[in-house]
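Residue-level listing of the chains:
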Amino acid sequence: MELRQLEYFVAVAEERNFTRAAERVHISQSGVSAQIRQLERELDAELFDRSARTVTLTVAGKAALEHARAALAAAGAVGQAVGEVTDLIRGRLTVGMVIGCTLTPLFDALAAFHEAHPGVEISLLEDSSDRLVEGVRTGTVDLALVGAAAATPDGLDALTIISERLVAAVPAGHPLAERRRVTLRDLIAHPIVCMPPGTGLRAVFDQACAAQNLQSAIALQASAADAIADLAARGLGVAVLSGSMAARYRDRLTARTIDDVETPALLALVWRSTHNPSVRELLVHSRRAFADLPGLRQ
């Protein structure tokens, strides 16, 4: 049994697809399949059910997965321990970023980290906040920039970057633009343009509607604030954004804080452990990069 076989096994288990797993580990699909078959022969058990389009773990595969992850983590820790002693950090660092994020300080932090520690291979993964949080919990993502509602995820360490209330943003001439106060009930009388489920901003909005037993009409969804603003500016719906997001479009949209939605939408860095020296170092650079943003909680 070899570490690379375990790496390929974990990749297929997480991607649920041999082709995507092969792309992830940078070898051919046939190479991944051959190594998995060899591993199955050594274990005398099939690890995957290949009968459907989506590859799924067998009972034996499920039993092996966490041990395979632990073995890979232990092997990586050997190099990290030696690197710490010799003042040289090596290995891999997987960083997650919520889809549609436009905060460039994260990129500044990654660039500064790369310059200081060129021996670390950095991977950047875009996904929904919910999936990224789950990745941090399982150890497939080392650190992630995610959205959340009111509080950061339980059981994880966090650095809140932004904490803001929701606003409704509309073009000139829209009925809500003439109001000084806008409530959630006022808002849902119109079509809504909002971020998709799995994002912190959408979680705040959905929870607020549920708390008041209101049904909202989500006309359009987009992951990027620019797209949401463009759709609202064209009269296709009321944009639901955070305050700082809406401020970027004040030339086209009028923003009104939603009075009765007091729960803030958060943007935060989350991680599970700082035993990994790469995570500790990236956090140092991230704190510096985000230091000038309003709302940062150290």
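Here we summarise the structure given alongside this text. (Residues numbered from 1 in each chain as written. Predicted model: local features only at pLDDT ≥ 70, side-chain atom pairs only at ≥ 80, totals over all residues. Heavy atoms only, no water.)

**Section: the overall build of the chain**
Quick note on the threshold: Comment: elements are numbered from the N terminus, with helices defined as DSSP H or I runs of at least four residues and strands as E runs of at least two. In this scheme, a residue with accessible area under 20% of its type's maximum is buried, one over 50% is exposed, and one in between is partly exposed, where area comes from a 1.4 Å probe on protein chains only. Working rule for contacts: check all heavy atoms of both residues, and any pair within 4.5 Å makes them a contact.
Scanning the chain from N- to C-terminus turns up 11 helices and 12 strands. Taking the principal axes of its C-alpha atoms as reference, the chain extends roughly 70 × 50 × 30 Å. Among the 298 residues that make up the chain, the fraction classed as buried is 44%. Here the analysis covers contacts within the chain between residues at least 6 apart in sequence; of these, 73% occur between residues at least 24 apart.

**A closer look at the packing of aromatic side chains**
Spelled out, the test is: Any two rings among Phe, Tyr and Trp, with Trp reduced to its six-membered ring, count as a pair given centres within 6.5 Å; such a pair is stacked if its planes are under 30 degrees apart, edge-to-face if over 60, and tilted if neither.
If you walk through the whole model with that rule in mind, you get 2 aromatic pairs. Summarising the aromatic geometry, the rings of F9 and F48 are spaced 5.5 Å apart at their centres and angled 55° between planes, so their arrangement reads as tilted. A residue pair is termed long-range when its members are at least 10 positions apart, and F9 in helix 1 (residues 3-15) and F48 in strand 1 (residues 48-49) qualify at 39 residues. Following the ring pairs from residue to residue traces out a cluster consisting of F9, F18 and F48.

**Description of unusual backbone geometry**
Of note, the phi angle at R16 is positive, near 60°, even though the residue is not glycine. Take R16: it is sitting in the loop between helix 1 and helix 2 (18-25). Residues other than glycine seldom take positive phi values, yet D44 does so here, at roughly 55°. Within the secondary structure layout, D44 lies in the loop between helix 3 (29-43) and strand 1.

**Regarding the side chain of T199**
Definition in use: Definition of a polar contact: a pair of N or O atoms within 3.5 Å, with one able to donate and the other able to accept a hydrogen when the atoms are protein atoms, and with sequence-neighbouring residues admitted only if both atoms are side-chain atoms.
Mapped onto the fold, T199 is located in the loop between strand 8 (192-194) and helix 8 (200-211). At 2.8 Å, the side chain of T199 forms a polar contact with the backbone oxygen of P196.

**Observations regarding the sheet that holds strand 3 (residues 91-98)**
Filter applied, for reference: Two strands qualify as a pair provided DSSP detects at least 2 bridges between them. Inter-axis angles, ranging from 0 to 180 degrees, are taken between N-to-C directions of lines fitted to C-alpha atoms, where helices are fitted over the stretch in contact.
Taken together, 5 strands build an open sheet; the order of strands is 4-3-5-12-6 and the sheet is mixed. One side of each edge strand has no neighbouring strand; the edge strands of this open sheet are strand 4 (120-127) and strand 6 (157-164). In this sheet, adjacent strand axes meet at a mean angle of 25° when their direction is disregarded. Strand direction decides the pairing type here: strand 6 and strand 12 (residues 265-271), joined by 7 bridges, are antiparallel. Note that in strand 12 the partner of D157 across the bridge is W271. Of the strands in this sheet, strand 3, strand 4 and strand 5 (143-149) are in contact with helix 5 (residues 105-116), which crosses strand 4 at around 165°. Against the sheet, helix 8 engages strand 5 and strand 12, with an angle of about 20° to strand 5.

**A look at the side chain of H174**
For H174, the location among the structural elements is in the loop between strand 7 (166-170) and helix 7 (184-187). Looking at H174, its side chain comes within polar contact range of the main-chain nitrogen of L176, at 3.1 Å. Non-local contacts of H174, meaning those with residues more than four positions away in its chain, are made with H190 and V238.

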